[in-house]
Amino acid sequence: MLPTAPPEEGEPFDAIWQDFQQLILPGMTHWNHPGWFAYFPGNNSPASVLAEMLTATMGAQCMSWATSPAATELEQVTLDWLRRCLGLPPEFVGVIQDTASTATLVALLSARERATNYQAGLRGLTAESPTLTVYASTEAHSSVEKAVKLSGIGLEQFRRIPVDTEYAMRPELLEQAIRKDRESGYQPACVVATVGTTSSTAIDPLPAIAEICRTNSLWLHVDAAYAGPAALVPELRPLFAGIEQADSLVLNPHKWMLVNFDCSAYFLRDREALLRTFQVTPEYLRTSQDAEVVNFRDWGIQLGRRFRALKLWFVMRSYGINGLRELIRKHVDLARELAGWIETSPDFELMAPVRFGLVCFRYRPPHPPAGTNDTDDLNRRLLARVNATRRVYLTHTMLNGRYVLRMVVGQRLTERHHVEEAWRLIVESAG
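In short, a report on the structure.

Definitions and limits used
Residues numbered from 1 in each chain as written. Predicted model: local features only at pLDDT ≥ 70, side-chain atom pairs only at ≥ 80, totals over all residues. Heavy atoms only, no water. Helix = DSSP H or I, 4+ residues; strand = E, 2+ residues; numbered from the N terminus. Rg over C-alpha atoms; globule rule 2.2 N^0.38 Å. Buried < 20%, exposed > 50% of the residue type's maximum accessible area, 1.4 Å probe, protein only. Contact = heavy atoms within 4.5 Å. Areas by Shrake-Rupley, 256 points an atom, 1.4 Å probe, with all protein chains shown as cover. Lys, Arg positive; Asp, Glu negative; His and termini not counted. Charge placed at Lys NZ, Arg CZ, Asp CG, Glu CD. Pairing = 2+ DSSP bridges. Core = buried A, V, L, I, M, F, W, Y, C linked by side-chain atoms within 4.5 Å. Axes fitted to C-alpha atoms, helices over the stretch in contact; angles between N-to-C directions. Parallel < 35°, antiparallel > 145°, perpendicular 65-115°, else oblique. Left-handed = near helix turned anticlockwise from the far one by under 90°.

Attention now moves to the overall build of the chain. On a plain count of helices and strands, the chain comes out with 13 helices and eleven strands. Computed over its C-alpha atoms, the radius of gyration of the chain comes to 23 Å, within 12% of the 22 Å expected for a compact globule of 431 residues. In terms of its C-alpha atoms, the chain occupies a principal-axis envelope of roughly 70 × 65 × 50 Å. Of all 431 residues assigned to the chain, the portion counted as buried reaches 53%. Within the chain, contacts between residues at least 6 apart in sequence are counted, and of these 71% link residues at least 24 apart. Summed over its atoms, the accessible surface of the chain is roughly 19800 Å², and 53% of this surface lies on carbon and sulfur atoms. Mean positive and mean negative side-chain charge positions of the chain (43 and 48 charges, respectively) differ by 3 Å.

Every other side chain in a regular strand lies on the same face of the sheet, so the side chains alternate between the two faces. Summarising burial for strand 11 (residues 402–408): six of the seven residues are buried, a large majority. Summarising the sheet, strand 9 (residues 358–363) and strand 11 pair through four bridges and their orientation is antiparallel. Across the sheet, the residue bridging to V359 is M407, located in strand 11. Inspection of the sheet shows strand 10 (residues 395–399) paired to strand 11 by five bridges, in the antiparallel sense. Bridge assignment links H396 to a residue of strand 11, and that residue is L405. Counted between consecutive antiparallel strands, the loop separating strand 10 from strand 11 contains two residues, among which N400 sits at a positive phi close to 55°.

Turning our attention to the nonpolar core. Within the largest apolar cluster, 72 residues are counted, with the highest numbers of intra-cluster contacts made by L82, L174, V191, V195, L220, F267 and F356. Among the elements that make up this core, the one with the highest residue count is helix 11 (residues 309–344) (ten residues). Setting aside residues no more than four positions away along its own chain, V195 makes contact with A202, I203, L206, V222, D223, A224, A227, L239, F240 and F356.

Relative orientation of the contacting elements helix 3 (residues 69–86) and helix 11 amounts to 45°, with a least axis distance of 9 Å. Viewed along their axes, helix 3 and helix 11 adopt a mutual orientation that is oblique. Helix 3 and helix 11 meet at a crossing whose hand is left-handed. Residues L74, E75, T78, L79, W81, L82 and C85 of helix 3 form the contact with helix 11, whose own contacting residues are A309, L310, L312, W313, M316, R317 and I321.

As far as function goes, none of this settles anything; it's purely spatial.
Structural data, given as structure tokens:
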């Protein structure tokens, strides 16, 4: 349906707009539909979209204070607002990365440098370098594995720690793995713990993990990409106990804070470690203000940076922290109500605790249809039928070797009747 070559001459915008409506829009998956229950939310809001438009209009390149002073200072102030609202101590400083994957890579590179006394970036990981190891649970996000590869540490040095019955890392097995690696001549460098794993929103026991990291001088990075905004809600904050002991953490306002993609908040304690890892200052980037200001080009991988702080600022001011809290509360309440319907149904079972907006469940009738003894296959076919209605969108995962359906309540426009409709479609499709 699309031409194989670009036009030699410009076309009228009416024609382009018509093609957008007829060719592009029908082929998109609409993440902001109220029936979107897949993956994790990818929200937006009028305030955020307007800020994005203004950012594009200004065309700002926000790599340094001198290239966009207000952008740099707004990012500092807005992230400090967010730090306060999350209950993080004042020694944490923040910077906006594009995604949590980038933030995790930044954390691992910083941990690598600190573990090698900043020699890896200078000399490379040579035969004389210590062999570093990284630890995460078997339920950790795939971005951790990718970061281990890209940091040069290597997948053979990545340790996947088994989880308990609620899919959280077992700290005693983490401690054993670290001890074994030290005895084998390895140098443990970093632990990545998760608050709100992708498959089940499991919560790794941060206080115990933090104590192990402190005892063994390991960098502790916390991945709270999805669940992190829930720390805004006072009654949910106990789920984040121990996060204040991390060396770094990441959460995504573009998931559950009505900020459109992309906007990932990365907080860390040791700003000096970050700068020593990433700072490169050629003559053409030097300015007379460098000694007095923050240059965010030195706080991550990218040199060029978009003005992402504007949309976070617009959203926090438009909705207020109480408005964001109420939205998160509503989603959590709806998820718990859905979990209650599942628990009272004889044909379905919950597969993980419901702590945030994710409900993991599966179809398991006491009397399966004739010829269908494979519960995993039943659920595969159920998911296909539900999504084929095009009214809602769900996804799946594997938990303890079992095929499980995932339903995430988290879109700005999702109300109770949308969740009811989704449950009705699930039950009807199962029947």
